[in-house]
Amino acid sequence: MKRRAVAVGLFDGIHGGHIRILNKALSGLKDDMEPAVFTFVTESLKTKHGKPFEYIYPESVKEEALHRLGFEYIEAAAFDEVRNTDGEAFAGNILAGKMNAALVVCGENFRFGRNASCGAEDLRSFGKKFGFEVDIAELDRNGGSIPISSECIRQCLKEGRLDGLSDFGFDYTITAVVAEGNRIGRTLNFPTINQHFREGQLVPKYGVYRSVTRLDGIVYNSVTDIGVKPTVENSIKPLAETHILDYSGNLYGKTIAVTLLEFIREEKKFSSVEELRKQIADDIEYSRKRID
């Protein structure tokens, strides 16, 4: 088995700070090494820092992004399987033993071991014991005072501040299967695709967004509503409902990527379906004017 350059982290929504860690692992490769990632299955974390954990992207989306970056080998562990492993055992049994690490790259705020008792410098000490180098990546502030983190991205999404995401080198994309809906959009002359969020996944602020939708290599402008459709539904789970401009076709069952660009307005309950229809038309007209 080849020695490996291993990037370690949760990588929950791959942002600029994560890219810095991943690139360090790739740039540290030598001829006899291959790139690898150790991460946790995002859906397996139920709490973080004592609070309920809402993951940004499902594991399948995260792993696809890591593969695109050049990491073919990914060791994704369920959190409960390693939560009680002490730091030395994690470094010796998993990184050195199972993954055959020659180089391990982590962020300066990386925590590991039972109760997150160990940090990046501890990892460096364990590396000396178990025969791998450790490269510690400084936090990426992207020219600002606040370091890039998944928590900052979560906060921006919950507040609908998509302009803040660009400061973190991050675009938020909904990648999910198109599900059957009640087809109310068609009765309003604005057909939509419905995409559900997974259990435990973070749902951005309810409201209407300007977006783009990728279909078979073509990028279409679109308008996405995230929420519970209060005018036409009662007590449903939140979902993303997207009207794709200038497109007609059956997309049921396909996995589609919709990237949010701009928060237009908050979700509201209209007094009538006709009032809703007029507002949707206004949202689409606004989006057309904003197309660059």
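Residues numbered from 1 in each chain as written. Predicted model: local features only at pLDDT ≥ 70, side-chain atom pairs only at ≥ 80, totals over all residues. Heavy atoms only, no water.

This part is about the sheet that holds strand β11 (residues 218-227). Spatially, six strands are ordered β8-β9-β12-β11-β10-β13 in a closed barrel, and the strand pairing comes out antiparallel. On average, each strand axis in the sheet is tilted by 45° relative to the strand beside it, whichever way the strands run. Taken together, the four bridges between strand β9 (residues 193-196) and strand β12 (residues 239-244) define a ladder with antiparallel strand orientation. Its bridge partner lying in β12, Q195 is registered against A240. (Pairing = 2+ DSSP bridges. Helix = DSSP H or I, 4+ residues; strand = E, 2+ residues; numbered from the N terminus. Axes fitted to C-alpha atoms, helices over the stretch in contact; angles between N-to-C directions.)

What follows concerns the sheet that holds strand β2 (residues 33-40). As summarised here, the arrangement of the five strands in space is β5-β2-β1-β6-β7, forming an open sheet in which the pairing is parallel. Strands at the two margins of the open sheet, each flanked by one partner only, are β5 (73-77) and β7 (133-137). The mean angle between the axes of side-by-side strands here comes to 20°, regardless of whether they run parallel or antiparallel. Sheet analysis places strand β1 (residues 3-8) next to β2, joined by six bridges and oriented parallel. Of the residues in β2, the one forming a bridge with V6 is A36. Along the sheet face, helix α5 (residues 120-130) touches β6 (101-107) and β7 and points at about 165° away from the line of β7. (Contact = heavy atoms within 4.5 Å.)

There is about 1200 Å³ of room inside the largest pocket. What lines the largest pocket is a set of 44 residues, and nearest its centre among them are L10, K48, H49, F110 and R111. Listing elements by their share of the lining of the largest pocket, those giving two or more residues are α1 (16-27), β3 (47-48), α3 (79-82) and α6 (150-159). Per-class residue counts for the lining of the largest pocket are 15 nonpolar, 16 polar and 13 charged. Taken as a whole, the second largest pocket holds about 430 Å³ of empty space. (1 Å grid on protein atoms, 1.4 Å probe; cavity = no way out; pocket = protein on both sides within 12 Å on 5 of 7 lines; lining within 4 Å. Points joined across faces, edges and corners; volume = space filled by probe spheres on them. Nonpolar A, V, L, I, M, F, W, Y, C, P; charged D, E, K, R; others polar.)

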